[in-house]
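Architecture at a glance
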Amino acid sequence: MPKPLPLSIVLYTPDIPGNTGSIGRTCVALGMRLILIRPLGFDIDEKAVRRAGLDYWKYVDLVIYDNWDQFLEKEAPQDSQLFFFSKTAQSQYYYQAQFNSNSYLVFGSETKGLPQHIFETYPQNMYSLPMFSEHIRSLNLSNAATAVMYEALRQNL
């Protein structure tokens, strides 16, 4: 069995507890850390988070930061370790990213996405998932995060 990678999933102000629970469950499966950036749109002890994470939630390697600046201060990631995912990223798809074993995979909130300062600070680190139908506004956050997590795993096995 492959060894887990020190990858981290970062959810920037997530709104929907079920998505966070599902992403946490996938983090446990893959040995990845889950980082949440406040404010959260729910109480972390909310039943919906635990329901989506099932009985695995207690095994989530969870870190919560009060804001983006605290995350940067405590984690001190290099720019090359940060990968941002947004439906509005125009030039690169997630499978074109060169993930390293210490990558931070950053996703915005379900309702607001990533803040403008992220786009302005890290324009070269922005990626999207392909969507070819004009009938779809966005993908479910937990589905998008799972696709990216498995691609990062594939690249680093």
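The structure we're discussing is the one just above.
Just so you know, the residues in each chain are numbered from 1, in the order the chain's sequence is written. With the structure being a predicted model, the display of local features is reserved for residues of pLDDT at least 70 and the display and counting of side-chain atom pairs for 80 or more, all residues being used for whole-chain, interface and lining totals. For the side-chain quantities, the full set of heavy atoms in the structure was used; hydrogens and water were omitted.

Observations regarding the overall build of the protein chain
Every helix listed is a DSSP run of H or I at least four residues long, and every strand listed is a run of E at least two residues long, numbered separately from the N terminus. For the protein chain, the helix and strand inventory stands at five helices and six strands. Along the protein chain, helices (α) and strands (β) appear in the sequence β-α-β-α-β-α-β-β-α-β-α when read from the amino end. Radius of gyration (C-alpha) of the protein chain: 15 Å, near the 15 Å computed for a compact globule of 157 residues. Here the term buried applies to any residue with accessible area under 20% of the maximum for its type, exposed to any over 50%, and partly exposed to those in between, with areas from a 1.4 Å probe on protein chains only. When burial is assessed residue by residue, the protein chain has 48% of its 157 residues classed as buried. It only takes one pair of heavy atoms within 4.5 Å for two residues to be counted as in contact. Of the contacts made within the protein chain by residues no fewer than 6 positions apart, 76% connect residues no fewer than 24 positions apart. Note on areas: these come from Shrake-Rupley sampling with a 1.4 Å probe, and a residue is covered only by the protein chains present in the view. When the accessible surface of the protein chain is totalled, it reaches about 8,500 Å², and 49% of it is carbon and sulfur. We compute the radius of gyration from the C-alpha atoms alone; for a globule the expected value is 2.2 Å times N to the 0.38, where N is the number of residues.

Section: the pairing of strand β3 (residues 62–65)
Both faces of the sheet carry side chains from a regular strand, because those side chains alternate between them. Of the two faces of β3, the one lined by Val 63 and Tyr 65 is fully buried and the one lined by Leu 62 and Ile 64 carries no buried residue. A strand pair is defined by DSSP finding two or more bridges across the two strands. Note: strand β2 (residues 33–37) against β3, four bridges, orientation parallel. For Leu 36, the partnering residue across the bridge sits in β3 and is Ile 64.

Focus: the packing of helix α1 (residues 17–30) against helix α5 (residues 141–156)
Where α1 contacts α5, the axes come no closer than 9 Å and their chain directions differ by 20 degrees. By the angle class used here, α1 and α5 are roughly parallel. Our pair here, α1 against α5, has a crossing hand that is right-handed. Of the residues in α5, those in contact with Asn 19, Ser 22, Ile 23, Thr 26, Cys 27 and Leu 30 of α1 are Leu 141, Ser 142, Ala 145, Thr 146, Met 149, Tyr 150 and Leu 153. The classification used treats Ala, Val, Leu, Ile, Met, Phe, Trp, Tyr, Cys and Pro as nonpolar, Asp, Glu, Lys and Arg as charged, and all other residues, Gly among them, as polar. Broken down by class, the residue content of the contact of α1 with α5 amounts to eight nonpolar, five polar and no charged. In this analysis, axes come from line fits to C-alpha atoms, helices being fitted only over the stretch in contact, and the angle between any two N-to-C directions falls in the range 0 to 180 degrees. For this classification, under 35 degrees means roughly parallel, over 145 means roughly antiparallel, 65 to 115 means roughly perpendicular, and everything else is oblique. For any helix crossing, the convention is left-handed if the near helix is rotated counterclockwise from the far helix by under a right angle, and right-handed if that rotation is clockwise.

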